[in-house]
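# Commentary on secondary and tertiary structure
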Amino acid sequence: MTELHRAHIFHICGSPVVADAARHLEHYPDGGLLVDDDGCIAWCGPWAERPPAAGAATVVDHPDSFLLPGFVDTHLHFPQVNCIDSYGGGQLLEWLNHCIFPSEAKLADPGFARGAAAEFCNRMISAGTTTGLVFGSQFPDAQDGLHEEVRRRGLRLVTGRTTQTVGPPSAEPLLTSEADAIRLTAEEIERWHPLDEAARAEALVQVAVVPRFTLSLTTTTLAALGELYEAYRDKGVYFTSHLNENNRPGTGEIDTVKQTFSVEHYLDTYDGRFLPGSEVGGPGFLGRRSVMAHGVHCTDAELARLAETGTSIAHCPVSQLFLGSGTMPWRRTIAAGVNVALGSDVAGGDEWFLPQVLNSCFKVHISEPGGASVSLHPAELLFTGTLAGARALDLEDRIGNLDAGKEADFVIIDPSRWPTLENSLRWGSRPAEPEAARDALLFTLLMAAREVTVAATYVRGRRLRTAEPVA
Ligand code: GUN
Ligand code: ZN
């Protein structure tokens, strides 16, 4: 059934880089979005200019509400759905050892894992997140359960089991042999990834190769996983992992990687150069379907290599605050030509709702020291939470904005559900000049919205529903 949605619309049209987002900001205070029978966008524009074809459509009115493209979360962890705000008594590695590895081990229980999958989908839908790049469970049954649940609910997802073959004692339940790690990853791809190109063009769910981080693997596992990835790369399989997150001197993640592998740069370990002295040891993982989470402390050479290979960064400012990881240098990262998308990093980040992650994004970057400080334009924020994510996932031809021909992934925000937002939108002073007023309105919308304002979440034109928690 063709539907014509009526609401206050913002989106970033076309295919700009982030610096051009403001010039591509489209705004229809009384707007229409025409969604065809296939769930694709037939038209988006001012309500008064709706095309003749809209006459036959069912009107879905969203009075006093905003319609935005669905949010794209390029970094979050399924097996951490139930352990937000865990106290690790330290930074990344302490938090992993004390809280996260034991929490992820609970998904060995099939009942718990089923409930976790249902809750994970509920949380995404409630937050208006239509697409996620998701670190999966180490346990094949739990991961199968996620695939099934996501398909049932109609979310768009890229996910793969989190691979770990070495780690501290608390990670023991999550570890497999190298042979099992490769076998289980291959089985997930064969079972759940659309290997056929035509099927891929239609698919909502795809699979990624997901080593947890370099410290979870040996050089031989990196080589074997690289060979596996090489075998499936042309089938559109994704790659994601963590990069340059914690720089505590001596004992933090980055120094430990460099000491353990004797490499020059952390990124070398994902680029096939994981042998001592950054010698080549096998195929690398970088490319247009590769996303590195965090990238807080990249060298210029690493940023150049990310840009050169089309590898994106999933920027996770809430997590970086929570784990004391520091601030990704916005200006330097963008200037290097890297696509920067947004990640909640649940549960390193304790916030599912991406506008709130953008809220932190704005605050941490305006607070960067000296000339590094940047006051991000509201269109750059919207771009980062939507179109940049679609680009990071190589899905820009299908999602990320409301251009005609794309699949209709969108979210309805109803300010009346959160008085702080409603009051600010209604009473806040904004410039007289229309363009500046538009920008100020979008800024308030993105910064002051809360998850409770999400009135509806649509993927490919279909409204998604939360489900009762599994007992
Ligand atoms: N590095 C390795 N594993 C993790 C994880 O689960 N969360 C975060 N934030 N960083 C990691
Ligand atoms: Zn993470």
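Residues numbered from 1 in each chain as written. Chains lettered and ligands numbered in written order. Predicted model: local features only at pLDDT ≥ 70, side-chain atom pairs only at ≥ 80, totals over all residues. Heavy atoms only, no water.

## What to know about the overall build of the chain
Along the backbone of the chain there are 15 helices and 15 strands. The C-alpha atoms of the chain give a radius of gyration of 22 Å, which matches the 23 Å a tight globule of 471 residues would have. Considered along the principal axes of its C-alpha atoms, the chain spans approximately 65 × 50 × 40 Å. Counting only residues that meet the buried cut, the chain has 60% of its 471 residues in that class. Nonlocal contacts in the chain, meaning residues at least 24 apart in sequence, comprise 74% of its contacts between residues at least 6 apart. Only carbon and sulfur atoms are counted for the fraction: they give 52% of the accessible area of the chain, which is about 17100 Å². Taken together, the 38 basic and 60 acidic charged side chains of the chain have centroids lying 3 Å from each other. (Helix = DSSP H or I, 4+ residues; strand = E, 2+ residues; numbered from the N terminus. Rg over C-alpha atoms; globule rule 2.2 N^0.38 Å. Buried < 20%, exposed > 50% of the residue type's maximum accessible area, 1.4 Å probe, protein only. Contact = heavy atoms within 4.5 Å. Areas by Shrake-Rupley, 256 points an atom, 1.4 Å probe, with all protein chains shown as cover. Lys, Arg positive; Asp, Glu negative; His and termini not counted. Charge placed at Lys NZ, Arg CZ, Asp CG, Glu CD.)

## Notes on the pattern of salt bridges
Going through the model one piece at a time under the given rule, you end up with 25 salt bridges. A salt bridge links Glu 407 to Arg 156; the nearest nitrogen and oxygen atoms lie 2.7 Å apart. Separated by 251 residues along the polypeptide, Glu 407 in the loop between helix H13 (387-392) and strand S13 (410-413) and Arg 156 in strand S7 (residues 156-163) bring together distant segments of the chain. Like Glu 407, the residue Arg 156 is buried in the burial classification. Across the pair Glu 407 and Arg 460 runs a salt bridge whose closest N-O atoms are separated by 3.1 Å. In this pair, Glu 407 sits in the loop between H13 and S13 while Arg 460 sits in the loop between strand S14 (454-459) and strand S15 (462-463), placing the two residues 53 residues apart along the sequence. What makes Glu 407 buried here is its relative accessible area of 8%. Linked through salt bridges whose partners overlap, the residues forming this network are Arg 156, Arg 398, Glu 407, Asp 409 and Arg 460. (Salt bridge = Lys/Arg side-chain N within 4 Å of Asp/Glu carboxyl O.)

## Details of the side chain of Ser 241
With respect to the element layout, Ser 241 can be found in strand S9 (residues 238-243). Taking relative accessible area as the criterion, Ser 241 reaches 0% and is therefore assigned buried. There is a polar contact of 3.2 Å between the side chain of Ser 241 and the backbone oxygen of Arg 212. At 3.1 Å, the side chain of Ser 241 forms a polar contact with the side chain of Tyr 270. (Polar contact = N/O pair within 3.5 Å; in protein donor to acceptor, adjacent residues only side chain to side chain.)

## Thoughts on the coordination of the zinc ion (ligand 2)
Bound to the zinc ion (ligand 2) are the protein donor atoms His 75 (NE2), His 77 (NE2), His 242 (NE2) and Asp 345 (OD), situated 2.0 to 2.3 Å from the metal. Between consecutive donors of the zinc ion (ligand 2), the numbers of intervening residues give the motif H-x1-H-x164-H-x102-D. Linking His 77 in strand S5 (residues 71-77) with His 242 in strand S9, this pair joins segments that are 165 residues apart in sequence. Pair check on accessibility: His 77 and His 242 agree, each one buried. (Donors = N, O, S within 2.8 Å, 3.2 Å for Na, K, Ca; no water.)

## A word on the site of ligand 1
As a structural note, the neighbourhood of ligand 1 is formed by His 77, Gln 80, Leu 92, Trp 95, Leu 96, Arg 212, Phe 213, His 242, Glu 245, His 294, Leu 323 and Asp 345. The side chain of Gln 80 places a nitrogen or oxygen atom 2.8 Å from an oxygen atom of ligand 1. A distance of 2.6 Å separates a nitrogen atom of ligand 1 from a polar atom in the side chain of Asp 345. Bound to the protein, ligand 1 loses 100% of the 280 Å² it would expose on its own. Looking at the shell around ligand 1, its residues break down into five nonpolar, four polar and three charged. (Near = heavy atom within 4 Å. Nonpolar A, V, L, I, M, F, W, Y, C, P; charged D, E, K, R; others polar.)

## Section: the sheet that holds strand S1 (residues 3-12)
Across the sheet, seven strands lie side by side as S3-S2-S1-S4-S13-S14-S15; this open sheet has mixed pairing. In this open sheet, the two edge strands, each paired with only one partner strand, are strand S3 (41-46) and S15. Alignment of S1 against strand S4 (residues 58-69), held across six bridges, turns out to be parallel. Paired with His 5 across the two strands is Val 60, which belongs to S4. (Pairing = 2+ DSSP bridges.)

## Notes on unusual backbone geometry
For residues besides glycine, phi is generally negative; the peptide bonds are generally trans as well. The omega angle of the peptide bond from Val 346 to Ala 347 is 15 degrees, so this bond is cis rather than trans. Looking at where Ala 347 falls in the secondary structure, it is placed in the loop between strand S12 (340-342) and helix H11 (354-366). We note that Asn 244 has phi near 45 degrees; this positive angle belongs to a residue other than glycine. Among the structural elements, Asn 244 can be located in the loop between S9 and helix H7 (253-261). Asn 244 sits in the buried class, given a relative accessible area of 2%. Phi at His 294 is positive, roughly 85 degrees, even though this residue is not glycine. Inspection of the secondary structure assignment puts His 294 in strand S10 (residues 290-294). In this structure His 294 comes out as buried when scored by relative accessible area, which is 0%.

## What to know about the sheet that holds strand S8 (residues 205-211)
Strand order in the open sheet made by the eight strands is S5-S6-S7-S8-S9-S10-S11-S12, with parallel pairing throughout. With partners counted over all chains shown, the strands left at the sheet margins are S5 and S12, one partner each. Averaged over all pairs of adjacent strands, the angle between strand axes in this sheet comes to 25 degrees, irrespective of strand direction. The pairing of S8 with S9 spans two bridges and is classified as parallel. Each bridged residue has a counterpart across the sheet, and for Val 209 the counterpart in S9 is Phe 239. Here helix H6 (residues 219-232) sits on the sheet in contact with S7, S8, S9 and S10, set at roughly 155 degrees to S8. (Axes fitted to C-alpha atoms, helices over the stretch in contact; angles between N-to-C directions.)

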